[in-house]
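An overview of the molecular structure
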Amino acid sequence: MPDVKNPKGRSAQTKGRIVQAAYELFVVRGYAGTTFQQVADTAEVSVQTVYFHYGSKSRLLKHVVDAASAGDDEPVPLLDRPWFAALRAEQDPVAVIRGWTHASGVILGRVAPVLAVVRDAAAVDADMAAQWAANSEQRQTAHGAFVAILSGLRALRPGLTKRRATDITVGLLSPDLFLVMIRECGWTTGQWESWAADQLAHALLPH
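Residues numbered from 1 in each chain as written. Predicted model: local features only at pLDDT ≥ 70, side-chain atom pairs only at ≥ 80, totals over all residues. Heavy atoms only, no water.

Going by the annotation in an unreviewed UniProt entry, the name recorded for the protein is TetR/AcrR family transcriptional regulator, with Nonomuraea purpurea given as the source organism.

Details of the side chain of S174
The topology assignment puts S174 in the loop between helix 8 (162–172) and helix 9 (175–184). By relative accessible area, which is 14% here, S174 ends up buried. A distance of 3.1 Å separates a polar side-chain atom of S174 from the backbone nitrogen of L177. (Helix = DSSP H or I, 4+ residues; strand = E, 2+ residues; numbered from the N terminus. Buried < 20%, exposed > 50% of the residue type's maximum accessible area, 1.4 Å probe, protein only. Polar contact = N/O pair within 3.5 Å; in protein donor to acceptor, adjacent residues only side chain to side chain.)

Notes on the packing of aromatic side chains
Applying the stated rule across the entire model yields eight aromatic pairs. Pairing W83 with F84 gives two aromatic rings, centres 5.8 Å apart and planes at 85°, and the pair type is edge-to-face. Judged by centre distance (5.8 Å) and plane angle (70°), the rings of F84 and W100 are edge-to-face. One end of the pair, F84, is in helix 5 (residues 82–89); the other, W100, is in helix 6 (residues 93–122), with 16 residues separating them in the sequence. Accessibility classification places F84 together with W100 in one group, the buried group. These aromatic residues form a ring-pair network of at least three members: W83, F84, W100 and F146. The aromatic ring of Y31 is capped on one face by K57, whose charged end is 4.6 Å from the ring centroid. (Phe/Tyr/Trp six-rings, centres within 6.5 Å; stacked < 30°, edge-to-face > 60°. Lys NZ or Arg CZ within 6 Å of the ring centre and 35° of its normal.)

Considering the nonpolar core
Ranked by internal contacts, the top residues of the largest apolar core, which has 60 residues, are F26, L60, L61 and F146. Looking at this core element by element, the count peaks at 14 residues for helix 6. Setting aside its immediate chain neighbours within four residues, F26 contacts Y31, T34, K57, L60, L61, V64, V114 and V117. (Core = buried A, V, L, I, M, F, W, Y, C linked by side-chain atoms within 4.5 Å. Contact = heavy atoms within 4.5 Å.)

Overview of helix 2 (residues 36–43)
Among all positions of helix 2, only F36, V39, A40 and A43 are buried. Projected onto a plane normal to the axis of helix 2, the buried residues spread over an arc of 100° and lie on a single side. Just downstream of helix 2, E44 is the residue with a positive phi angle, here 60°. (Arc of directions from axis to C-beta.)

Below is the structure:
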């Protein structure tokens, strides 16, 4: 817990409450239905404090997405984190796929609900359209890094290019499909992980 006697600690604690409050409100009320006043009331801070830290609703939602993707507020990109370094060192392609699918399930469990908010708002809001495009590019980059591990192990099935393998991975591990299986079909995240890993192995590895 941050040291409340430390101004930086208090600021981090306040921002954490704001981000958590915003996450809950965005998921339930959507982008248009969430106001800074509601966020402030839920976080138990002044509305001026929310404006001070984030300035605009689009900036706040961007930070909510980033924090949900990473699982914390540390300025360390996902692909620079220890778990991905461990995946790079793995020599078994099936273990690489299962490790990546597990990590994806953990991340999607946090971020997919709020990404759906960005997607829905993108049709009518230019800032959200730009945010959705940026998030899509980030997913392409992340899944491309995963495919590069398999390619480095010479594990991709014959004739399958890295670009095609990345496209397949982006589709199978998309936040939209994740939410369909979890919300509409009633799967657990573990069931999704097992299914997605099997589908990826079938699509990417030699039969």
